[in-house]
Amino acid sequence: RVFAFRDARWAPDPVLAPGAAVRSPQPVPLVIDNGSFQTRAGWACPDPAVPAQPLLRFRSLAARSRGARGGAGAETQVGNDLGSPEPLRWLLRSPFDRNVPVQLELQELLLDHVFQRLGVSSQGCVDHPIVLTEAVCNPLYSRQMMSELLFECYQVPKVSYGVDSLYSFYHNRRQSWPCSGLVISSGYQCTHILPVLEGRLDAKNCKRINLGGCQAAVYLQRLLQLKYPGHFAAITLSRMEEILHEHSYVAQDYIEELQKWRCPEYYENNVHKMQLPFSNKLLGSTVASEEKQEKRQQQLRRLQELNARRREEKLQLDQERLDRLLYVQELLEDGQMDQFHKALVELNMDSAEELQSYINKLSLSVEQTKQKILQSEVNIEVDVVDSKPETPDLDPLGSEQSLEDVESINEFEPLFAEEQPEAEKPVAAVQPVFNLAEYHQLFLGTERIRAPEIVFQPSLIGEDQAGIAETMQYVLERYSKEQQAVLVQNVFLTGGNMMYPGLKARIQKELLEMRPFQSSFQVSLASSPVLDAWYGARDWAVEYMSREEGWISRKDYEEKGGEYLKEHCASNVYVPIRLPKQAPRAAEAPSRASGAGNSSEQA
């Protein structure tokens, strides 16, 4: 049971070319599931040529670099263009606070990415209707900013807002719609308990738990970093999310499951070992003496070739200078005194004796350099046996070239100083005293159930909140017994954080404990808890494409404000802002005058 981390990199989203059915006979709606974890976008077109699935799926993240010092501007990357989130973790930004978009600049980057990659080709505007998901009981200010962004920046013709979990409920119960039920939705940041009566959300009795997949990943990261402090940097959030998605499960009875993990046999049969990447090279490994000898010979040959190249360059310069001095000496012998004296001035010399002395020294240096070049060519062909290279013979006259050769060899002296004749004894390779692969393994035991358990017991991470079971019971108790019986007959689970194995059975166990004796209930899981919100929004958009119900037009936006919402079967409940009425100023003036008259009479 050893599993390797996939550490998959995100592939950049291609620029898609929309088909003709998307724009004719009229632009079809564009459905965007604006989730705090992932954004999903696609077309709501009844034509079978257009795929009935989200064409874009990317993390709702953006990273903006500060730009290089060389003058390059800041670069912004969105979603899958990031490649991997871990190297840029400190640069990542999200437009969401919990599950509510509050940073409209970042939200604009996400929408730009969607429109560009889906190939929206209209000039200066987006002429497609937009179906956008929003949070349950979304604040009016957030909807106002979103409407302002869509209508003012993108010039969309109309927009519709809906709740993602209600769209999922609508998609899975479309044949029996309208129906009643209790929707339990758990996502990346929050968990919601939503009662639905006759196809409409009862917003007054909705409850939210501020826990989701994000908090579970952070909790799991802290548990493993405390357990394995030596691998602190390798335990990243991306790997923790991978463990949650593929190796975690929900226990039906948490305490009983912990008791099972105390048994060594149960632990050995159920523990999952996660293999961290590592290198097989040991820092203290010893190389064989033959390999060291070969490496030493290669380094010495390289040094000799370097010195030979320097000698050839030196010989060429000295030969050119010697030819120049001999030419000046020939001017003296030919009796051309004017040119001779001019040449001496250029050479910074005072007399013919000084010229002759320089000629003799250069001639001797050239001859010695030629001999050294011949000697070095012979030495390169000879195999080196001694472990420490001998220093070449110094020039008996102490010339400048010989000193440079000695200095260049001394620079490489530390490479061979550690090799002594006694190293000829065979040295055995160092064997590791422990299994290196096992040292880089994370053993997942009770961590597999502790992280998902926080939505049932928030006190595990110090949160003063009620869990799913207590919140569900609190919501049900706000209805009559007849309504409770109707709601529990259709308990619907949706959201990415509801995909743990055993979670449905845990909800059934909690309902069995809180419901009356011999009462019945029904719990069902969405067909695709992650994507059903987008599928439900597409179903609604195709059905209501030519109707006015649920769509906010530009005229409605200009007349009623950005916070205005047209309700439909999967939307929030619109509660307009009601300001307290103030007394008119005309009525205040006579009262002030009468008050002043009474005070004068009393005086």
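All values derive from a computational prediction rather than experimental measurement. (Residues numbered from 1 in each chain as written. Predicted model: local features only at pLDDT ≥ 70, side-chain atom pairs only at ≥ 80, totals over all residues. Heavy atoms only, no water.)

Chemist: Hey, could you run me through the packing of helix H15 (residues 468–476) against helix H17 (residues 503–514) in this one?
Modeler: Packed helices, taken two at a time, are described by the angle their axes make and the gap between the axes. Where H15 contacts H17, the axes come no closer than 10 Å and their chain directions differ by 45°. If you check the angle between H15 and H17, you find them oblique. Note that H15 runs across H17; the crossing there is right-handed. Between H15, through Ile-468, Ala-469, Met-472, Gln-473 and Leu-476, and H17, the contact on the second element is made entirely by Ile-507, Glu-510, Leu-511 and Met-514. Considering only residue class, the contact of H15 with H17 consists of seven nonpolar, one polar and one charged. (Axes fitted to C-alpha atoms, helices over the stretch in contact; angles between N-to-C directions. Helix = DSSP H or I, 4+ residues; strand = E, 2+ residues; numbered from the N terminus. Parallel < 35°, antiparallel > 145°, perpendicular 65-115°, else oblique. Left-handed = near helix turned anticlockwise from the far one by under 90°. Contact = heavy atoms within 4.5 Å. Nonpolar A, V, L, I, M, F, W, Y, C, P; charged D, E, K, R; others polar.)

Chemist: Where do I start with the pattern of salt bridges in this structure?
Modeler: Two side chains of opposite charge can pair, provided their charged atoms sit close to one another. A full pass over the atoms with the stated rule returns 21 salt bridges. Linking Asp-33 and Arg-40 is a salt bridge whose minimum nitrogen-to-oxygen distance equals 2.8 Å. Judged by its relative accessible area of 8%, Arg-40 is buried. Note that Arg-117 is salt-bridged to Asp-81, the shortest N-O span being 2.9 Å. Separated by 36 residues along the polypeptide, Arg-117 in helix H1 (residues 104–117) and Asp-81 in the loop between strand E6 (76–78) and strand E7 (92–93) bring together distant segments of the chain. Counted as one network, the salt bridges with shared partners bring together Arg-174, Arg-538, Asp-539 and Glu-543. (Salt bridge = Lys/Arg side-chain N within 4 Å of Asp/Glu carboxyl O. Buried < 20%, exposed > 50% of the residue type's maximum accessible area, 1.4 Å probe, protein only.)

Chemist: I would appreciate a short explanation of the environment of Ser-60 in the present structure.
Modeler: Following the sequence through the fold, Ser-60 ends up in the loop between strand E4 (56–59) and strand E5 (62–64). Note on Ser-60: relative accessible area 0%, which makes it buried. For the pair Ser-60 and Asn-80, spaced 20 residues apart in the sequence, the C-alpha separation amounts to 9.3 Å. In this structure Ser-60 touches Gly-35, Ser-36, Phe-37, Gln-38, Thr-39, Arg-93, Ser-94, Pro-95, Phe-96 and Leu-110, once residues within four positions along its chain are discounted. At a separation of 2.8 Å, a polar atom in the side chain of Ser-60 contacts the main-chain carbonyl oxygen of Gly-35. Of the polar contacts made by the side chain of Ser-60, one reaches the side chain of Thr-39; its length is 2.7 Å. (Polar contact = N/O pair within 3.5 Å; in protein donor to acceptor, adjacent residues only side chain to side chain.)

All quantities given are derived from atomic positions and should not be read as evidence of function.
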